[in-house]
Amino acid sequence: MLAASGLSAGCIFGLEAEPSFDSGLPQDRFAAIQRASDDRDRSATDDLIRQLGSDDVLVRWAADDALRTITGKDAAFLPDGSEDERRLGIGRWIQLVEPRTIVDREPSP
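Quick caveat: nothing in here was measured; it's all calculated off a predicted structure. (Residues numbered from 1 in each chain as written. Predicted model: local features only at pLDDT ≥ 70, side-chain atom pairs only at ≥ 80, totals over all residues. Heavy atoms only, no water.)

Here helix α4 (residues 57-71) crosses helix α5 (residues 83-97) at 25 degrees, and the two axes come no closer than 12 Å. When the axes of α4 and α5 are compared, the pair comes out roughly parallel. The crossing of α4 and α5 is left-handed. Across the interface between the two elements, R60, D64, L67, R68 and T71 from α4 touch R86, W93 and V97 from α5. (Axes fitted to C-alpha atoms, helices over the stretch in contact; angles between N-to-C directions. Helix = DSSP H or I, 4+ residues; strand = E, 2+ residues; numbered from the N terminus. Parallel < 35°, antiparallel > 145°, perpendicular 65-115°, else oblique. Left-handed = near helix turned anticlockwise from the far one by under 90°. Contact = heavy atoms within 4.5 Å.)

For R40, which is not glycine, the phi torsion reads 50 degrees and is therefore positive. Assignment of secondary structure puts R40 in the loop between α2 (26-39) and α3 (45-51). Phi at A76 takes a positive value of approximately 55 degrees, unusual for a residue other than glycine. Considering the arrangement of structural elements, one finds A76 in the loop between α4 and α5. Given the relative accessible area of 46%, A76 is considered partly exposed. (Buried < 20%, exposed > 50% of the residue type's maximum accessible area, 1.4 Å probe, protein only.)

With that settled, the discussion passes to the confidence of the model for the chain. Residues at a pLDDT of 70 or more form 74% of the chain, whose mean pLDDT is 82. Confidence drops under pLDDT 50 across residues 1-15; counting only partners more than four residues distant or on other chains, this segment forms 11 contacts. (pLDDT = per-residue confidence, 0-100.)

Among the secondary structure elements, D80 is positioned in the loop between α4 and α5. On the basis of relative accessibility, which here comes to 66%, the residue D80 falls in the exposed class. Considering only alpha carbons, one finds D80 and V57, 23 residues apart in sequence, at a separation of 6.2 Å. The residues touching D80, leaving out its near neighbours within four places in the chain, are V57 and R60.

Take a look at the structure:
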């Protein structure tokens with residue numbers, strides 16, 4: 001019906017919807033993931049890691065691919081793995097992209 005009317009799922013009244021990681025529609029989240037990947041947007045890594053927990057395997061796959069593209073690293077995440085396997089992979093991604101900082105402190109007296 002939408003195709004016949006010239007509208008797509010991401011288009012309302014002829015206006016393109018902004019892709020969003022927080023959308024309830026997988027295709028909108030997928031579009032946000034693709035945009036982050038195309039732009040090599042390092043600021044999107046937290047959102048991408050969050051998408052690894054999606055119920056949609058294609059969203060998980062796209063988020064993992066985008067993280068690999070942006071970071072140049074691979075956490076061996078299994079988008080179609082069991083929930084436990086995915087949880088471990090998410091943990092590996094968090095470790096890989098979390099900035100490592102050393103806090104300078106004065107020694108305790």
